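Report on the structure
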Amino acid sequence: MVQLHVKRGDESQFLFNTTVVAPVETVINQITDIYNGRLKVERICSEIPELADHGIILPTNMQGLTEEQIVELKLKDEWEDKCVPSGGPVFKEDEVGRRNGHAPNDKMKEVLMKTVEEAKALISKKQVQANVCVTNEIIKEALDLLRGAVMIVYPMGLPPHDPIRMEFENQEDLTGTQASLQVITEDDCQLWWAAKEIQRGKKLQDYVGKNEKTKLVVKIQKKGQGAPGREPLVNDEQHKQMMMNFYRRQEELKKLEEADDDSYMDSEWSDRQALKKQFQGLTNIKWGPR
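Residues numbered from 1 in each chain as written. Predicted model: local features only at pLDDT ≥ 70, side-chain atom pairs only at ≥ 80, totals over all residues. Heavy atoms only, no water.

Another point: the nonpolar core. Grouped together as the largest cluster of nonpolar side chains are 50 residues, with contacts concentrated most on L4, I31, V41 and L146. The leading source of residues in this core is helix α1 (residues 24-54), at 13 residues. (Core = buried A, V, L, I, M, F, W, Y, C linked by side-chain atoms within 4.5 Å. Buried < 20%, exposed > 50% of the residue type's maximum accessible area, 1.4 Å probe, protein only. Helix = DSSP H or I, 4+ residues; strand = E, 2+ residues; numbered from the N terminus.)

Below, the discussion takes up the sheet that holds strand β7 (residues 215-222). With mixed pairing, 5 strands are arranged side by side in an open sheet as β2-β1-β7-β5-β6. If you trace the sheet from one side to the other, it starts and ends with β2 (11-18) and β6 (196-197), each paired once. Sheet topology note: the strand β1 (residues 2-8)/β2 ladder contains 7 bridges and is antiparallel. Paired with V2 across the bridge in β2 is T18. (Pairing = 2+ DSSP bridges.)

Right, let's get into helix α4 (residues 136-153). End to end, α4 covers 26 Å across 18 residues, agreeing with the expected 26 Å (1.5 Å per residue, within 8%). Among all positions in α4, only I138, I139, A142, L143, L146, A149, V150 and V153 are buried. One face of α4 carries all of its buried residues, which in axial projection span an arc of 140°. Turned more than 90 degrees from where α4 packs its buried face, E137 and K140 sit exposed. Where the residues of α4 are buried, they touch α1, α3 (106-122) and α5 (163-168). (Expected span 1.5 Å × (residues − 1). Arc of directions from axis to C-beta. Contact = heavy atoms within 4.5 Å.)

Moving on, we get to α3. Across its 17 residues, α3 extends 25 Å between first and last C-alpha, which sits within 8% of the 24 Å expected from 1.5 Å per residue. Buried positions along α3 lie against α1 and α4.

A word on the packing of aromatic side chains. Under the defined criterion, the tally for this structure stands at 0 aromatic pairs. Residue placement shows K82 over the ring face of W79; its charged tip is 4.7 Å from the ring centre. (Phe/Tyr/Trp six-rings, centres within 6.5 Å; stacked < 30°, edge-to-face > 60°. Lys NZ or Arg CZ within 6 Å of the ring centre and 35° of its normal.)

So, on to the packing of α1 against α3. A packed helix pair is summarised by two numbers, namely the angle formed by the two axes and the spacing between the axes. Packing of α1 against α3 leaves a shortest axis separation of 10 Å and a crossing angle of 165°. Taken together, the axis directions place α1 and α3 in an arrangement best described as roughly antiparallel. The hand of the α1/α3 crossing is left-handed. When α1 is examined against α3, the residues V41, C45, I48, P49, L51, A52 and D53 are found in contact with a partner set consisting of K109, L112, M113, V116, A119 and K120. Looking at side-chain class alone, the contact of α1 with α3 contains 10 nonpolar, no polar and 3 charged residues. (Axes fitted to C-alpha atoms, helices over the stretch in contact; angles between N-to-C directions. Parallel < 35°, antiparallel > 145°, perpendicular 65-115°, else oblique. Left-handed = near helix turned anticlockwise from the far one by under 90°. Nonpolar A, V, L, I, M, F, W, Y, C, P; charged D, E, K, R; others polar.)

Attention now moves to the environment of L216. With respect to the helices and strands, the residue L216 is situated in strand β7. Here L216 falls in the buried class, since its relative accessible area comes to 8%. Among residues more than four places away in sequence, those in contact with L216 are Q3, L4, H5, W193 and V208.

Turning our attention to unusual backbone geometry. Residues other than glycine seldom take positive phi values, yet N131 does so here, at roughly 60°. With respect to the helices and strands, N131 occurs in the loop between α3 and α4. The partly exposed category is assigned to N131, whose relative accessible area is 48%. Residues other than glycine seldom take positive phi values, yet A194 does so here, at roughly 55°. Note that A194 resides in the loop between β5 (189-193) and β6.

By themselves, these are just geometric observations and shouldn't be taken as functional.
This is the structure:
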């Protein structure tokens with residue numbers, strides 16, 4: 001299997017296994033699915049702590065309003081009584097005014113937070129260092145874990161406008177958000193290797209040969225953004241090691257310089273004429289009155 005170390009910019013994303021005979025278009029589509037799937041898991045993991053701390057999200061027309069304004073406008077959250085966490089809610093006001101403040105109890109909160117950590121570990125960039133490939137099956141496993149935890153805490157489900165539910169149902173609206181800039185569609189995705197774009201319509205072996213044990217660092221890029229930067233000759237770890245060796249060498253040279261210091265030649269004990277001067281009575285001569 002050919003192993004691709006997928007990066008975006010200089011940042012590692014995940015490892016991906018394929019074969020040299022795989023069509024480039026298939027490889028690009030599979031990598032794009034995994035890349036966007038990881039982003040989806042990360043977005044859900046960033047929302048669940050808010051759910052655990054402050055409960056379900058308010059309807060759009062109630063978000064950001066004070067209690068007085070809600071009463072004055074006669075607004076009511078119809079989902080508040082339907083979406084109650086298991087074990088009953090614990091009130092914790094959302095200072096931002098985005099969620100209703102009816103949070104799960106500590107036990108249910110722990111279920112959510114523990115599952116978030118498990119899901120993050122499955123799609124973590126540290127999997128690259130562990131030489132573990134991220135696949136669509138792993139992405140699905142992470143999403144199923146998160147979905148199961150939310151169902152345990154909120155057996156009646158979440159409101160249809162809640163971003164977590166919208167992510168699970170693939171109805172998320174990322175328009176105008178920073179997250180939308182990270183997503184790459186299959187049609188817009190380009191794959192680069194060795195400062196060359198791997199063109200659709202060809203096979204991987206047209207670029208890397210027929211060796212199935214090849215390991216490559218490839219970069220994904222949005223169409224129209226040009227070629228990504230070249231890989232540095234040394235990575236961060238190698239650069240750190242080089243700097244440590246350089247510093248160690250400098251310290252060794254400094255010690256050698258100190259060892260070669262000939263200032264001791266001015267000392268009395270190093271004077272070759274000391275014995276002769278002593279016999280002639282020329283030691284301890286002082287100029288001036290005694």
